[in-house]
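Okay, here's what each chain looks like letter by letter:
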Amino acid sequence: MTILKTLAVAKWEYFEKIKTKAFIISMVITPLIIIAFAVLPSMLSQQEDESTKIIGIIDSSQNYFQELKNELTKYKFKNDQPNFVLQNLFDSSLKFEDLKKKADKKVFDGKIQGYILILNPRTDSLKFEYRSKSIGSFSDLNKLENELNNIRIKNYLTSAGLSQNIKEIVNNNSELAQIIIEEDGKESSSDFMVVFFSSFIFIILLMMMVIYSGQMLVRSLVEEKANRLIEILISSCTPEDLLTGKILGLSLLGLTQLFIWAMIGITLAGAAVIPYTAFENILPMLIYFILGFLLYTTIFVGVGSIVSTEQEAQQVTSYLSLIMMLPVVIAVPAIQNPDTMLVKILSFFPLTTPSIMLLRFNISEISIPEIFLTISILILSIVLMIYISSKIFRIGILSYGKRPSLKEISRWIKEK
Amino acid sequence: MLKVENLTKKFNDIVAVNDISFRLSEGKMFGLLGPNGAGKTTTIRTVLNIIKPTSGTVRFKDKVINEEFFNVIGYLPEERGLYKKSKVLDVIMYFASLKNMSNHHANEAANHWINKLDLSALKTKRIEELSKGNQQKIQFICAVIHNPGLLILDEPFSGFDPINQQIIKDVLLSFSNSGKLIILSTHQMETAEKLCSEILLINKGKEVCSGSISEIKRKFASNNIKIEFEGDGTFIKNMSFVKSVDSYNNYAEIQLEDSFTPSEFLKAVIDKIEVKHFSIVEPTLNKIFIDVIKEDSNKK
């Protein structure tokens with residue numbers, strides 16, 4: 001009998017919410033925002049300026065100009081147009097200060113983008129300066145800096161009388177490639193995009209969903225409290241039925257949302273925006289996702305039943321949302337150091353378990369006992385939280401006015 | 001039959017309801033009256049099994065009220081409001097499903113009530129598009145859709161125009177006659193007086209007066225008369241057995257000293273003025289309410 005009522009509540013919550021404009025909008029907008037966050041910055045920084053830059057150089061030693069000019073010819077746009085054109089601004093007939101003034105003027109007149117100033121070239125206090133009107137592109141400066149240093153080292157090695165061979169060895173950089181190994185012998189190279197999309201996005205999605213549906217839940221609870229609908233409801237079913245029904249309905253709503261987002265994700269993967277590997281661990285990740293959602297939603301219900309006005313609801317939900325954002329914040333350092341003790345500990349702390357586990361799945365291998373243990377902890381905390389929340393809920397939904405103190409709430413929880 | 005015995009509810013140290021007993025029997029609408037904050041809502045909530053009493057029992061059909069009774073109780077709370085964004089029929093069906101009605105039955109009952117209360121044109125509208133009176137009708141339907149054996153109504157008439165008030169009154173009377181138990185909580189004394197056979201008046205959580213309306217009226221009947229006359233009535237206020245008088249040109253309301261009867265008064269005046277109308281005034285429930293509550297409050 002009570003299951004029927006729980007289902008009736010769940011059905012109502014699900015269908016009434018899914019029909020709202022706010023829900024439909026959020027369903028489309030949220031992934032758009034996330035994709036914008038993920039893709040735009042990297043697109044912007046990778047976007048190349050397709051114009052050749054004229055760069056001056058003042059080098060009293062005249063050791064750098066020719067070499068740099070040669071080295072820079074290797075940087076070209078796709079159409080073979082060079083990235084840089086180097087212009088020698090050194091004039092032995094002028095004093096250093098006048099040279100600088102002349103070069104500055106050229107910059108302001110727009111004849112050159114900027115110029116490289118080499119100070120004390122033949123001494124230990126050698127300094128490179130790039131002088132321009134505005135801060136230059138990071139990748140351009142990086143190239144110039146690399147080449148200048150290479151030339152500096154080469155010059156030094158030449159003067160020390162080392163052979164061409166050794167010079168090349170010194171100049172050759174080897175990159176450190178990251179390979180993730182697994183016990184079954186599989187190897188994969190880690191790609192930031194994969195980790196980002198498959199883990200971080202999941203966490204952000206989880207939190208956005210929790211916050212969004214949590215707020216929706218609290219708002220509807222406040223409405224039901226304000227117009228005493230709640231009294232009709234709990235004169236028809238127990239508060240526990242009502243609470244379970246609400247959580248169930250909301251979870252179904254979340255799953256629907258997730259399903260639609262997954263569809264969008266897979267479509268994007270088809271369009272090669274998101275790598276397919278991002279969906280490799282989808283099943284265990286889904287479990288953490290759902291359990292996390294259930295846990296957070298239950299907390300929202302308990303806390304939401306205490307407030308009785310829209311303002312209070314906003315206050316409380318924004319506090320809760322802040323707490324919910326914590327795992328997202330922790331995720332950033334955790335993505336860099338997935339195997340530290342703190343991350344391990346946080347994996348077993350129910351509030352952070354879902355997000356940390358979502359992260360770790362794609363960064364390193366997780367042992368089966370660990371998976372079982374964390375899932376058990378999560379389920380246990382959900383059961384406990386439902387118990388506590390329903391106690392608070394039972395009394396909270398009938399109390400109006402002054403917000404109860406923690407002492408009162410703990411008494412509610414103890415009350416039979 | 002609903003029997004409430006020695007009901008007491010304490011919230012921490014505050015006694016909201018203090019040792020209240022009453023019983024409802026078939027065919028007799030029951031009025032739960034009292035000033036604001038008297039403990040009516042708490043009493044209702046206990047009967048609804050929303051809150052547990054500190055002590056005392058609520059029995060319905062000789063069984064202590066519990067979750068089994070959810071489906072036989074209908075409740076209309078004082079504050080009105082429904083899911084504003086939802087459609088009329090959806091809302092009614094939701095509340096019906098919470099009372100474990102099958103879809104088929106719920107649909108049938110919903111249509112019956114929608115037609116009866118003249119709402120058929122609004123079936124697919126959103127609640128927020130409806131007038132206040134029509135929203136109230138929907139809420140009334142939600143409270144009665146499952147044909148409850150026990151109906152608890154808190155201020156069911158507020159917000160209704162006289163025509164709709166009449167419709168609801170007729171529905172309630174037919175319910176009562178068909179054997180449903182009805183608790184009516186209201187501040188409209190006139191309505192209570194007309195509809196209820198039994199009342200319980202509470203103040204500050206305690207019973208101050210209870211019983212059938214006629215009994216109570218008899219008990220509180222004061223020696224009041226109304227007289228319409230022609231001629232000079234100024235002498236009335238100087239008569240020795242007249243306690244107080246509220247007189248107009250051809251009309252007076254008179255309170256007599258307790259030891260005198262209205263007939264003696266009539267005998268004394270009949271020769272001096274031409275009496276057009278003479279009646280003994282029964283106190284209205286409204287007056288009893290005010291007097292009793294005042295007296296009760298003064299005691300403390």
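For the structure, check the block above.
Conventions and cut-offs
Residues numbered from 1 in each chain as written. Chains lettered and ligands numbered in written order. Predicted model: local features only at pLDDT ≥ 70, side-chain atom pairs only at ≥ 80, totals over all residues. Heavy atoms only, no water. Helix = DSSP H or I, 4+ residues; strand = E, 2+ residues; numbered from the N terminus. Buried < 20%, exposed > 50% of the residue type's maximum accessible area, 1.4 Å probe, protein only. Contact = heavy atoms within 4.5 Å. Buried area = accessible area lost by both parts, 1.4 Å probe. Salt bridge = Lys/Arg side-chain N within 4 Å of Asp/Glu carboxyl O. Polar contact = N/O pair within 3.5 Å; in protein donor to acceptor, adjacent residues only side chain to side chain. Nonpolar A, V, L, I, M, F, W, Y, C, P; charged D, E, K, R; others polar. Pairing = 2+ DSSP bridges. Axes fitted to C-alpha atoms, helices over the stretch in contact; angles between N-to-C directions. Phe/Tyr/Trp six-rings, centres within 6.5 Å; stacked < 30°, edge-to-face > 60°. Lys NZ or Arg CZ within 6 Å of the ring centre and 35° of its normal. Parallel < 35°, antiparallel > 145°, perpendicular 65-115°, else oblique. Left-handed = near helix turned anticlockwise from the far one by under 90°.

A. View of the environment of Ser 389 of chain A. All names here are of chain A. Here Ser 389 lies in helix H14 (residues 368-396). Here Ser 389 falls in the buried class, since its relative accessible area comes to 1%. Sequence separation of Ser 389 and Asn 63 is 326 residues, and the distance between their C-alpha atoms is 75 Å. Those residues in contact with Ser 389 that sit more than four places away from it in its chain are Leu 243, Thr 298, Ile 299 and Gly 302.

B. Structural view of the interface of chain A and chain B. Across the contact, 25 residues belong to chain A and 26 residues belong to chain B. Taken together, the two surfaces of chain A and chain B that pack against each other cover about 2,500 Å², and 59% of this comes from carbon and sulfur. There are four salt bridges connecting chain A and chain B. Glu 79 of chain B is the partner of Arg 228 of chain A in a salt bridge, and the nearest nitrogen-oxygen pair spans 3.5 Å. There are nine residue pairs in polar contact (both at pLDDT 80 or more) connecting chain A and chain B. Per element, the largest residue contribution to the side of chain A that touches chain B is six residues, and it comes from helix H1 (residues 2-18) of chain A. Residues of the side of chain A that touches chain B, tallied by class, amount to 13 nonpolar, four polar and eight charged.

C. Region of interest: the pattern of salt bridges. By the definition in use, this model includes 24 salt bridges over all chains. The partner of Lys 19 of chain A in a salt bridge is Asp 90 of chain B, and the shortest N-O contact between them spans 3.5 Å. With Lys 19 of chain A in the loop between H1 and helix H2 (21-46) and Asp 90 of chain B in helix H2 (residues 88-98), this residue pair bridges two chains. A residue is classified by how much of its surface remains accessible, and Lys 19 of chain A, at 48% relative accessible area, is partly exposed. In this structure, the salt-bridge partner of Glu 68 of chain B is Lys 63 of chain B, at a minimum N-O distance of 3.4 Å. Overall, the relative accessible area of 44% leaves Lys 63 of chain B in the partly exposed class. Through salt bridges with shared partners, one network takes in Glu 67, Glu 71, Lys 74, Glu 147 and Lys 154 of chain A.

D. Quick look at the sheet that holds strand S13 (residues 251-256) of chain B. Residues and elements named next belong to chain B. Spatially, the four strands line up as an open sheet ordered S12-S13-S11-S14, and their pairing is antiparallel. Each of the sheet's edge strands pairs with one partner strand only, and the pair in question is strand S12 (242-247) and strand S14 (274-280). With strand direction ignored, the average angle separating the axes of adjacent strands in the sheet is 20°. Both S12 and S13 contribute to a ladder of five bridges, which runs antiparallel. Paired with Val 242 across the two strands is Leu 256, which belongs to S13. The sheet strands contacting helix H8 (residues 262-269) are strand S11 (224-230), S12, S13 and S14, and the helix crosses S14 at an angle near 175°.

E. Local environment of the packing of aromatic side chains. Scanning the entire structure with this criterion turns up 16 aromatic pairs over all chains. A centroid spacing of 5.4 Å and a plane angle of 75° characterise the contact between Phe 60 of chain B and Phe 69 of chain B, whose relative ring orientation is edge-to-face. Accessibility classification places Phe 60 of chain B together with Phe 69 of chain B in one group, the buried group. Look at Trp 113 of chain B and Phe 140 of chain B: their rings are 6.3 Å apart centre to centre, the planes differ by 80°, and that puts the pair in the edge-to-face class. With Trp 113 of chain B in helix H3 (residues 103-116) and Phe 140 of chain B in helix H4 (residues 132-144), this residue pair connects regions lying 27 residues apart in the sequence. Summarising the burial analysis for this pair, Trp 113 of chain B and Phe 140 of chain B share the class buried. One aromatic cluster in this structure is built from Trp 12 of chain A together with Tyr 83, Tyr 94 and Phe 95 of chain B. A cation over an aromatic ring shows up here: Lys 169 of chain B above the ring of Phe 157 of chain B, its NZ or CZ 5.8 Å from the ring centre.

F. Representation of the packing of H2 of chain B against H3 of chain B in the model. All names here are of chain B. It is the contact of H2 with H3, at a shortest axis distance of 10 Å, that shows an interaxial angle of 130°. The pairing of H2 with H3 is recorded here as oblique in orientation. Crossing of H2 over H3 shows right-handed handedness. Between H2 and H3, the residues in contact are Leu 89, Ile 92, Met 93 and Ala 96 and Asn 103, Ala 106, Asn 107, Ala 110 and Ile 114, respectively. Here the contact of H2 with H3 is composed, by residue class, of seven nonpolar, two polar and no charged.

G. How the structure looks around unusual backbone geometry. All names here are of chain B. Here Asp 19, not a glycine, exhibits a phi torsion of approximately 55°, which is positive. If you trace the backbone, Asp 19 turns up in strand S2 (residues 14-24). Look at Asp 19 and you get partly exposed, because its relative accessible area is 43%. In the Ramachandran plot, Asn 100 falls in the positive-phi region, its phi being about 65° despite a non-glycine side chain. Here Asn 100 is to be found in the loop between H2 and H3. Take Asn 100: its relative accessible area is 28%, and that puts it in the partly exposed class.

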